[in-house]
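# An overview of the molecular structure
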Amino acid sequence: MLKETHANAEPFGNPQSTREGMVNTVDCYFDEVLGHGRLELIDALMTPGVALRGPGRPESGDGREGLRRFVSKLRGSAPGARFAMERRAVQGNKVAVRWRAEGSHPGPVPRGLYVFVFEGDRVAELWMHDLDPDSCSGAVLSRRAA
């Protein structure tokens, strides 16, 4: 389900269905922000005060800057990791994604569940839950995933 790139995609500001726009936003977050470290896209994808919630909530703080710190720390702890979506479900203003980290690492594959809550065309809340607490933490992937 993970696409190679969204570099040529323009999911922002185009007239598209809410469902399609939400899916494009989530795809872009996984592909470009997590996958390629394009932190500048966070401004287009998230509301200014995006709330980071849940048991896997990072200690980086809320808002776009908090999310940038979280993604930077995550990518720094596992520089070669890729994040693949295993399943995605859309209901109302929410998109739920079950993901896994891919790359060369021993031990269990890090997996998690994110729920993106939209306000208009941007994410207002991001709920994070690690499905394997032995292979992930709320702030970074374990060193095994590096």
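Residues numbered from 1 in each chain as written. Predicted model: local features only at pLDDT ≥ 70, side-chain atom pairs only at ≥ 80, totals over all residues. Heavy atoms only, no water.

## A look at the pattern of salt bridges
Quick note on the threshold: The working definition used for a salt bridge is a side-chain nitrogen of Lys or Arg within 4 Å of a carboxyl oxygen of Asp or Glu. Secondary structure is summarised from DSSP: a helix means a run of H or I of at least four residues, a strand means a run of E of at least two, and numbering begins at the N terminus for each. Throughout this description, buried means an accessible area under 20% of the type-specific maximum (1.4 Å probe, protein chains only), exposed means over 50%, and partly exposed covers the range between.
Taken as a whole, this structure holds 12 salt bridges when the rule is applied. Notably, a salt bridge pairs R68 with E65, separated by 2.9 Å at the nearest N-O pair. Of the two residues, R68 and E65 both sit in helix α3 (residues 63-77), three residues apart, roughly one turn of that helix. You can call R68 buried: its relative accessible area is 15%.

## Points about the nonpolar core
The condition that has to hold: Take the buried residues of types Ala, Val, Leu, Ile, Met, Phe, Trp, Tyr and Cys, join any two whose side-chain atoms come within 4.5 Å, and each joined set is a nonpolar core. Contacts are assigned to residue pairs with any non-hydrogen atoms lying within 4.5 Å of each other.
Y29, F30, L67, Y114 and F116 are the most contacted members of the largest nonpolar core, which totals 34 residues. Elements represented by at least two residues in this core include exactly α1 (18-36), α2 (42-45), β1 (46-53), α3, β2 (82-91), β3 (94-102), β4 (111-119) and β5 (122-130). With eight residues, the single largest contributor to this core is α1. Those residues in contact with Y114, other than ones at most four positions away along the chain, are Y29, F30, F70, V95, A96, V97, W99, L126, W127, M128 and H129.

## Details of the sheet that holds β5
Note the threshold: At least two DSSP bridges between two strands are needed for those strands to be called paired. Fitted lines through C-alpha atoms give the axes, limited to the stretch in contact for helices. The angle between two N-to-C directions lies from 0 to 180 degrees.
Ordered in space as β1-β5-β4-β3-β2, the five strands form an open sheet in which the pairing is mixed. Taken across any chain shown, the strands that pair with only one partner, and hence form the sheet edges, are β1 and β2. Strand-to-strand twist in this sheet, taken as the mean axis angle between neighbours without regard to direction, amounts to 20°. Sitting on the sheet, α1 touches β1, β2, β3, β4 and β5, and the angle it makes with β2 is about 165°. Along the sheet, α3 makes contact with β1, β2, β4 and β5, crossing β1 at roughly 60°.

## Here's the deal with the side chain of R68
Going by this rule: The definition of a polar contact used here is a pair of N or O atoms within 3.5 Å, where within protein one atom must be able to donate a hydrogen and the other to accept one, and adjacent residues in sequence count solely through side-chain atom pairs.
A polar atom in the side chain of R68 sits 3.0 Å from the side chain of D43. Not counting chain neighbours up to four residues away, the residues in contact with R68 comprise L39, I42 and D43.

## A closer look at the packing of α1 against α3
Let me state the cut-off plainly: Residue type decides the class: Asp, Glu, Lys and Arg count as charged, Ala, Val, Leu, Ile, Met, Phe, Trp, Tyr, Cys and Pro as nonpolar, and the leftover types, Gly among them, as polar.
In contact at an axis separation of 9 Å, α1 and α3 are set at 65° when each is read in the N-to-C sense. Between α1, through Y29, V33, L34, G35 and H36, and α3, the contact on the second element is made entirely by L67, F70, V71, L74 and R75. Here the residues of the contact of α1 with α3 sort into seven nonpolar, two polar and one charged.

What is shown is where atoms sit, not what they do.
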